[in-house]
Amino acid sequence: MTESFPRLHARTRRFTLGVPRNFTISPDGGRVTFLRTRSGTDPVTCLWELDVASGAERLVVDPLALGAADEDLPPEERARRERSRESAGGVVAYATDREVRQAVFALSGDLYLAGLASGEVRRLPAAGPVIDPRLDPTGARVAYVTGGALHVLEIATGADTPIAEPESELVTYGLAEFIAAEEMERMRGYWWSPSGDRLLVSRVDESPVSLWHIADPANPDRQPVPQRYPAAGTANAEVTLHVIGLDGARTAVPFEQEYLVTAAWDAHGLAIVTLSRDQRTMRLLSADPDTGETTLLREDTDPAWVDIVTGVPARLSDGTLVWVADADGGHRLVVGDEPVTPPSLQVRAVLDVDGDTVLFQASGEPTEIHLWTYAAGTISAVTTEPGVHSGRRAGGVTLVARQSLDTEGTTVSVGAVSIRSLAERPGLEPRVSLVRAGSRELSTAVLLPSWHVPGSGPLPVLMDPYGGPHAQRVLSARRMFLESQWWAEQGFAVVVADGRGTPGRGPAFEREMLHDFTISLQDQVDALQGVAALHPGDLDLSRVAIRGWSFGGYLAALAVLRRPDVFHAAVAGAPVTDWRLYDTCYTERYLGHPDEGHYERSSLLADAEKGDAEKGDAEKLERPLLLIHGLADDNVVAAHTLRLSSALLAAGRPHTVLPLSGVTHMTPQEVVAENLLLLQLDFLRKSLNVS
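Since the structure is predicted, the reported quantities are computational estimates derived from the model, not experimental observations.

Peer 1: Please clarify how the pairing of strand β42 (residues 569-573) should be interpreted in this entry.
Peer 2: Along any regular strand, the residues point their side chains to alternate faces of the sheet. Of all five residues that make up β42, five are buried, and the element is covered over most of its length. Residue alternation in β42 divides its side chains into two sets, A569, V571 and G573 and A570 and A572, and both sets are buried. Across five bridges, strand β41 (residues 539-549) lies against β42 in parallel orientation. Residue W549 lies in a different strand from β42, and its bridge partner there is G573. You can see the chain leave β41, run along helix α7 (residues 551-562) and come back into β42, and the turn it takes is right-handed. The pairing of β42 with strand β43 (residues 625-630) spans four bridges and is classified as parallel.

So this is what it looks like as structure tokens:
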């Protein structure tokens, strides 16, 4: 019997298993190291190597062969995977030396070294459960974190030295704090020097951070899990930087601003990037590793916020700075002091610098992401076919990973050679129309059932957004719409819209979100009306539902509370209902400090607590709302849903709550993920009277 889409969607981790990822190209361009599971339903990730000349793939590390079938992860590693949204197991991360001759990785807390040339894999002795192992550039040593201490292991002798040990249980060395990993895309807390003789290490002291507890009501015999959570307006962890030698000698590298964004240490020196608490000022500093003295290289400011861009700072071969900054209305690539891309091309990330060639991602049309290079004063398009592209470059060789609407899955090519994807076929083909909808010409995707004849009769509508800043749903890639098409096949006209605040259309469009998250609801209404005008007779505007997760969950609940005249039912998964309960970096970037007075407008609790007499709209009691929340969620904690539910109950407003025991923000559990889709379908069918 063929598996249902919900079951396959869950088993394949949303069809990500079997897709090659995490590519590293050797300096000579001859080899590519990458991660991939053995099939589209196998959750155990293996390490592979491709020979570019022959196209031959070789399995380097199979965790099952190492006896690591059942993972026993230390708590710090579980937290890292939650922050990075890693849903697979096995070798989910690795690090190589400069020549890409060796790789290190952790399995179930054990430390392993793989010889990429020999194929030999051996376990190295470690002082405890291993987190984030990294080889020094020469390949002679490996650093790792265990018990909050940073260790360096000499590979030849096995000598293991803790070079930085925590002074208390709330101090760690070499790990990214919650905010860095969750909101700044910094998953690491230490950086090797080019010669491998010392390291730049972050020290994190969580003692100022508020102590919360994540309880497990389904198992009352278990102790609640303590968690330091920096809620908006409260203290962050104290992060300091130190250059530490192999003998433990330490030199402080002081910086003034609240956030450490990233660091880079290459042949041209040591640099750090910091960001002010209000995120309106970012500084790039060079640092003297001998004295710790810093020098300001550049300072970027913005009256709203300065964007964090991955891949910078970087350097050309002569040391010329590569940066990304806003200028003349665009996110622009900056080389030296000059922007080298036009304002109409929105630069998203710098992927690699290969000698004097910069490989970067950018969008002209917001639904597409292309690869470009900058070299010798000229920018050139690497990809031109419609789609979403990523890549790597080294040794004059460029790897291109492409998703599109006209091809299934992800294709990966290195010149004339392809790296196979082993992902499962989803069994349905998204019928996606990408349009500009509404008065603001919002990027919008429309999906109708495969059996529907346009104009043959109105369908109930399902709005399926994320809708929040810093993320897109409407991209020219099939995988973005597989779940939406499944919903369409159940009899809905599905509309996915990216409103103001989403990337790809320039700084001004993104910054319209400043101080008011509710504009995202205005944009969903605008897109809905725009799509209805483009598809006359196909959308039944008397039966409109909305569903979403995280910010999308907030948006779904907001929709039925504030616009019951438009939205007739909602499913809100892990919604942020009170922005004072969400973290400092994300929330304060958009809403400012709570004392500035911008939070009430965007809060759901205020809507729930006001009775209909105040609101003057009895309909607000009648729109079905399903709230779903994982009780183990340490990102959007379950208190968000519980407080909203309490407020709704106090106001006499009917609603349904579905608590998920043991489930985090990702909901990776296969049975839970499958049944969640089916339960949502049943709820919306009943709510909208869909047969």
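Peer 1: Looking at this model, I keep getting lost on the sheet that holds strand β26 (residues 321-327). Mind explaining?
Peer 2: Sheets are built from strands that pair by backbone hydrogen bonding, the pairs being arranged parallel or antiparallel. Spatially, the four strands line up as an open sheet ordered β25-β26-β27-β28, and their pairing is antiparallel. Strands with a single pairing partner mark the edges of an open sheet, and in this sheet they are β25 (314-315) and β28 (338-339). Across two bridges, strand β27 (residues 330-335) lies against β28 in antiparallel orientation. If you follow V335 over to β28, its bridge partner there is E338.

Peer 1: Mind showing me how you'd approach the packing of helix α6 (residues 519-534) against α7 here?
Peer 2: Describing two packed helices takes the angle between their axes plus the distance from one axis to the other. Put simply, α6 and α7 touch, their axes get as near as 10 Å, and they point 75 degrees apart. Judged by the inter-axis angle, α6 sits roughly perpendicular to α7. Where α6 approaches α7, its residues S520, L521 and Q524 are matched on the opposing element by F551, L555, L558, A559 and R562. Broken down by class, the residue content of the contact of α6 with α7 amounts to five nonpolar, two polar and one charged.

Peer 1: Help me out: how do you make sense of the sheet that holds strand β10 (residues 131-135) in this one?
Peer 2: Spatially, the four strands line up as an open sheet ordered β10-β11-β12-β13, and their pairing is antiparallel. On the outer flanks of this sheet lie β10 and β13 (160-164), each paired with one strand and no other. In this sheet, adjacent strand axes meet at a mean angle of 25 degrees when their direction is disregarded. Judged from the six bridges that link them, strand β11 (residues 141-146) and strand β12 (residues 149-154) form a sheet pairing that is antiparallel.

Peer 1: Just to check I follow, could you spell out the packing of aromatic side chains for this structure?
Peer 2: The description of an aromatic ring pair uses the distance of the two centres, along with the angle that the planes make with each other. Counted by the stated rule, this structure contains 23 aromatic pairs. Where W486 meets W487, the ring centres are 5.3 Å apart and the plane angle is 75 degrees; that geometry is what we call edge-to-face. The burial state of W486 is the same as that of W487; both residues are buried. When the centroid spacing of 5.9 Å and the interplanar angle of 55 degrees are considered together, the rings of F517 and Y590 count as tilted.

Peer 1: Help me understand the pattern of salt bridges in this model?
Peer 2: Pairing between side chains of opposite charge can happen when the charged atoms of each approach one another. Scanning the entire structure with this criterion turns up 49 salt bridges. Of the charged contacts in the structure, one is a salt bridge between R36 and E57, with a shortest N-O distance of 2.7 Å. In this pair, R36 sits in strand β2 (residues 31-37) while E57 sits in strand β4 (residues 57-61), placing the two residues 21 residues apart along the sequence. Looking at R36, the relative accessible area reads 1%, which means it is buried. By relative accessible area, E57 is classed as partly exposed at 23%.

Peer 1: Would you mind showing me how to read the pairing of β41 here?
Peer 2: By the bridge criterion, five bridges tie strand β39 (residues 459-463) to β41 in an arrangement that is parallel. Each residue of the ladder has a partner; that of P460, found in β41, is D540.

Peer 1: Looking at this structure, how should I read helix α8 (residues 584-591)?
Peer 2: Within an α-helix, residues lying three or four positions from one another point in the same direction, as the helix has 3.6 residues per turn. Among the eight residues in α8, eight count as buried, and that is most of the element. For α8, the set of buried residues is T584, C585, Y586, T587, E588, R589, Y590 and L591. Packed against the buried residues of α8 are α3 (178-183), β21 (259-266) and α7. Capping of α8 at its N-terminal end is provided by D583; its side-chain oxygen lies 3.2 Å from the backbone amide nitrogen of C585.

Peer 1: In this structure, what is going on with the nonpolar core? I would like to understand it.
Peer 2: In a soluble, globular protein the nonpolar side chains are often hidden away together inside. Ranked by internal contacts, the top residues of the largest apolar core, which has 91 residues, are W323, L333, F360, F517, F567 and W579. Beyond its immediate sequence surroundings of up to four residues, L333 is in contact with V322, W323, V324, E338, P339, V340, T341, V347, V350, V358, F360 and Y374. Of all hydrophobic cores here, the second largest spans 30 residues; its members include L482, W486, V494 and L681.

Peer 1: So what exactly am I meant to see when it comes to the environment of Q223 here?
Peer 2: In this fold, Q223 is placed in the loop between β17 (211-214) and β18 (225-228). Note on Q223: relative accessible area 71%, which makes it exposed. Taking the C-alpha atoms as reference points, Q223 and R420, 197 residues apart in sequence, are found 45 Å from one another.

Peer 1: Could you clarify how one ought to interpret the side chain of S550 in this entry?
Peer 2: Tracing the backbone through its elements, the reader meets S550 in the loop between β41 and α7. Here S550 falls in the buried class, since its relative accessible area comes to 12%. Here the side chain of S550 touches H665 through a polar contact of 3.1 Å, side chain to side chain. Apart from the residues lying within four places of it in its own chain, the contact partners of S550 are Y466, G573, A574, P575, V576, V636 and H665.

Peer 1: Is there a simple way to explain the side chain of D132 in this structure?
Peer 2: Looking at where D132 falls in the secondary structure, it is placed in strand β10. Classification of D132 as buried rests on a relative accessible area of 8%. Excluding residues within four positions of it along the chain, D132 makes contact with R80, A143, Y144, M187, R188 and Y190.

Peer 1: Is there a simple way to think about the packing of helix α4 (residues 482-489) against helix α12 (residues 670-688) in this case?
Peer 2: Axis separation between α4 and α12 bottoms out at 12 Å; the angle between their running directions is 40 degrees. As far as their axial angle goes, α12 and α4 are oblique. Handedness of the α4/α12 crossing: right-handed. Residues E483, W486 and W487 of α4 form the contact with α12, whose participating residues are L677, L678, Q680, L681 and L684. Looking at the contact of α4 with α12, its residues break down into six nonpolar, one polar and one charged.

Reading guide: rules and limits
- Residues numbered from 1 in each chain as written.
- Predicted model: local features only at pLDDT ≥ 70, side-chain atom pairs only at ≥ 80, totals over all residues.
- Heavy atoms only, no water.
- Buried < 20%, exposed > 50% of the residue type's maximum accessible area, 1.4 Å probe, protein only.
- Helix = DSSP H or I, 4+ residues; strand = E, 2+ residues; numbered from the N terminus.
- Pairing = 2+ DSSP bridges.
- Right-handed = clockwise from strand over helix to strand, strands pointing away.
- Axes fitted to C-alpha atoms, helices over the stretch in contact; angles between N-to-C directions.
- Parallel < 35°, antiparallel > 145°, perpendicular 65-115°, else oblique.
- Contact = heavy atoms within 4.5 Å.
- Nonpolar A, V, L, I, M, F, W, Y, C, P; charged D, E, K, R; others polar.
- Phe/Tyr/Trp six-rings, centres within 6.5 Å; stacked < 30°, edge-to-face > 60°.
- Salt bridge = Lys/Arg side-chain N within 4 Å of Asp/Glu carboxyl O.
- Polar contact = N/O pair within 3.5 Å; in protein donor to acceptor, adjacent residues only side chain to side chain.
- Core = buried A, V, L, I, M, F, W, Y, C linked by side-chain atoms within 4.5 Å.
- Left-handed = near helix turned anticlockwise from the far one by under 90°.

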